[in-house]
Amino acid sequence: MSYKIESRNLNLWYGSTHALKGVTLGIPESTITALIGPSGCGKSTFIRCLNRMNDLIDIVRIEGEVLYDNKNIYDKDVDVVELRKRIGMVFQKPNPFPMSIFDNIAYGPRIHGMSNVDKIVERSLNDAALWEEVSDRLDSPAMGLSGGQQQRLCIARTLAMRPEVILFDEPCSALDPISTSKIEGLMDELRSEYTQIIVTHNMQQAARVSEYTAFFLLGEMLEVGRTKEIFENPREKSTEDYITGRFG
Ligand SMILES: Nc1ncnc2c1ncn2[C@@H]1O[C@H](COP(=O)(O)OP(=O)(O)OP(=O)(O)O)[C@@H](O)[C@H]1O
Ligand SMILES: [Mg+2]
C-alpha cells in the first residue's frame, strides 16, 4: 500500500525520557486514522513529529524518518513553514487568536500572500460547517464564540491553508456531545479530500470516524489495522484490554 505519510523506525527522546520507540506507521491517503492508547503512551508526541512541531522543544532528540510524499521531512533542505502549511494541526483546546472571526481565518493566507482572502475565508468557514452561524458577525471577536464554534473556527483556520493532511489531537475532549457530533460530521465530509489523523480517548469516536486504528502503548505502536478488525478481533491482548476498558 502507498502511504501519504509514514514514519519509519521513529525514536524520540525528551532529554533521557525515551518517548517513542521505533514507531513504524503508514497513514493511507484520504482516510481517517485513529490513534488510541493510555495517557502518556506517546500519541501527541507522535503526531507532533509528523509536522515537526517537536522541533520547537529544545530537549527533543529524534532518530528515524518520516516520509511525506516519499521525502523525509527531517532532511536538512525541508522548508518547515511550508511543511506545516501542508500538514495542519487542530489541538485539544480550541485556540483562536485574540482577533475577529474573519482575521483568524485570514491570518495565515495573508502571511503566505494568498490572493482572494475574502473568498478563502468564506469557503473555509463553509467547509468547517460554521459559515451559517457566523456570516453576520465576521468582525466580532472569535473569543466570543462557544467552545464548539471555536473548535470549528480552528478547523476552518487550518483548512484555509489548503493542507493535505490534518492532525487532530483530541479535538472533541473539551466539547459537548452536539459539538462533538458536528466535528465528527465535518471530518466525515472532509474524508475524501484530506488525510486525517485523530488522537482520541473515546473508543466510540474512533470506531465511528476512522477506517484505520493504531494502538500505542508505552512509546511503542503495538498494533495497527482496519478499525473494525482492531475493535472486533485485535491480535494483541493489551489492545483488547484497553479497548474493553480493562486498563488505561
Ligand atoms: N515537553 C515534554 N517534555 C518532557 N517530557 C514530555 C514532554 N511532552 C511529553 N513528554 C513525555 O512523553 C511521554 C509521552 O507523552 P504524550 O504527551 O505524547 O502522551 P499522550 O499519549 O499524548 O498522552 P495523553 O493521552 O495524556 O495526551 C510522557 O511520558 C510524557 O510525560
Ligand atoms: Mg496527548
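Each chain has its residues counted from 1, following the order in which its sequence is written. Written order determines the labels here, with chains lettered from A and ligands numbered from 1. For this predicted model, a pLDDT threshold of at least 70 governs which residues receive local features, and a threshold of 80 or more governs which side-chain atom pairs are given and counted, while totals over whole chains, interfaces and linings are taken from all residues. Side-chain measures here rest on the full set of heavy atoms in the structure, leaving out hydrogens and waters.

*Asks:* Help me understand the overall build of the chain in this model?
*Replies:* Under the DSSP-based scheme used, a helix requires at least four consecutive residues in state H or I and a strand at least two consecutive residues in state E, with every element numbered from the N terminus. Within the chain, the secondary structure is distributed over 10 helices and 10 strands. The reference for a compact globule is 2.2 Å times residues^0.38; the radius of gyration itself is calculated from the C-alpha atoms. The C-alpha radius of gyration computed for the chain amounts to 18 Å, which stays within 12% of the reference 18 Å derived for 248 residues, consistent with globular compactness. Taken along the three principal axes of its C-alpha coordinates, the chain extends 55 × 40 × 35 Å. Across the chain, contacts joining residues at least 24 apart in sequence account for 66% of those joining residues at least 6 apart. Accessible surface, the chain as shown: approximately 11700 Å² in total, 47% of it carbon and sulfur. For the charge count, each Lys or Arg is scored as positive and each Asp or Glu as negative, with His and the chain ends excluded. To locate a charge, the coordinates of NZ of Lys, CZ of Arg, CG of Asp or CD of Glu are taken. Averaging the locations of the 28 positively and 35 negatively charged side chains of the chain gives two centres separated by 2 Å. Contacts: residue pairs with any heavy atoms within 4.5 Å of one another. Computed by Shrake-Rupley with a 1.4 Å probe, the accessible areas treat only the displayed protein chains as cover when residues are assessed.

*Asks:* How should I be thinking about the pairing of strand 2 (residues 17–28) in this particular structure?
*Replies:* Regular strands place side chains that alternate from one sheet face to the opposite one. Here a strand pair is declared whenever DSSP counts at least two bridges between the two strands. When strand 1 (residues 3–14) meets strand 2, the two strands line up antiparallel, connected through eight bridges. Opposite Tyr14, over in strand 2, you have Thr17 as the bridge partner. Connecting strand 1 to the antiparallel partner strand 2 that follows it, the hairpin turn spans two residues, and Gly15 within it adopts a positive phi of roughly 55°.

*Asks:* In this structure, what is going on with helix 6 (residues 147–159)? I would like to understand it.
*Replies:* For an α-helix, the turn length of 3.6 residues means that residues three or four places apart are oriented alike. What a helix is expected to span follows from its residue count: subtract one and scale by 1.5 Å. The terminal C-alpha atoms of helix 6 lie 18 Å apart, and with 13 residues this matches the ideal 18 Å at 1.5 Å per residue to within 8%. The buried count for helix 6 comes to 12 of 13 residues, which makes it a mostly enclosed element. Taken as a whole, helix 6 has its buried residues at Gly148, Gln149, Gln150, Gln151, Arg152, Leu153, Cys154, Ile155, Ala156, Arg157, Thr158 and Leu159. Where helix 6 is buried, its residues contact strand 6 (87–90), helix 3 (101–111), helix 4 (117–127), helix 5 (131–134), strand 7 (165–169) and helix 7 (177–190). Relative accessibility under 20% of the residue-type maximum defines a buried residue, over 50% an exposed one, and the middle range a partly exposed one, all with a 1.4 Å probe and only protein chains included.

*Asks:* Please clarify how unusual backbone geometry should be interpreted in this entry.
*Replies:* Peptide bonds are trans in most cases, and residues, glycine excluded, mostly fall at negative phi. A positive phi angle is found at Asn70, which is not glycine, with a value near 65°. Counting through the fold element by element, Asn70 comes out in the loop between strand 4 (60–68) and strand 5 (71–72). Look at Asn70 and you get exposed, because its relative accessible area is 70%. We note that Leu218 has phi near 50°; this positive angle belongs to a residue other than glycine. Structurally, Leu218 is set in the loop between strand 9 (212–217) and strand 10 (220–226). Of the residues examined, Leu218 reaches a relative accessible area of 63% and is grouped as exposed.

*Asks:* Just checking my understanding: could you explain the packing of aromatic side chains for this structure?
*Replies:* Geometry of an aromatic ring pair is reported as the spacing of the ring centres plus the angle between the planes. Ring geometry is summarised as follows: Phe, Tyr and Trp rings, the Trp one being its six-membered ring, pair when their centres sit within 6.5 Å, and such pairs are stacked at plane angles under 30 degrees, edge-to-face over 60 and tilted between the two. Counting across every chain of the model gives three aromatic pairs. Ring geometry for Phe97 and Tyr107: centres 5.0 Å apart, planes at 55°, overall tilted. Here the residue Phe97 occupies a position in the loop between strand 6 and helix 3, and Tyr107 occupies one in helix 3, the gap between them amounting to 10 residues. Accessibility expressed as a relative area gives 28% for Phe97, which makes it partly exposed. By relative accessible area, which is 39% here, Tyr107 ends up partly exposed. The criterion for a charge sitting over a ring is simple: Lys NZ or Arg CZ within 6 Å of the ring centre, and within 35 degrees of the ring normal. Seen from the ring of Trp13, Arg61 lies directly overhead, with NZ or CZ sitting 4.1 Å from the centre. The cationic tip of Arg157 hangs over the ring face of Phe97; the distance from NZ or CZ to the ring centre is 4.0 Å.

*Asks:* So what exactly am I meant to see when it comes to the pattern of salt bridges here?
*Replies:* A side chain with one charge may pair with a side chain of the opposite charge, provided their charged atoms come close. Each salt bridge in this description consists of a side-chain nitrogen of Lys or Arg and a carboxyl oxygen of Asp or Glu lying within 4 Å of one another. Per the stated rule, a full pass over the model turns up 19 salt bridges. The partner of Asp55 in a salt bridge is Arg52, and the shortest N-O contact between them spans 2.7 Å. Taking the relative accessible area as the measure of exposure, Asp55 reaches 34% and is therefore partly exposed. By relative accessible area, Arg52 is classed as buried at 13%. For Glu63, the salt bridge goes to Arg61, with nearest N and O atoms at 2.9 Å. Looking at Glu63, the relative accessible area reads 40%, which means it is partly exposed. You can call Arg61 partly exposed: its relative accessible area is 42%. Beyond isolated ion pairs, a larger network of salt bridges with shared partners links Lys4, Glu29, Asp69, Arg86 and Glu164.

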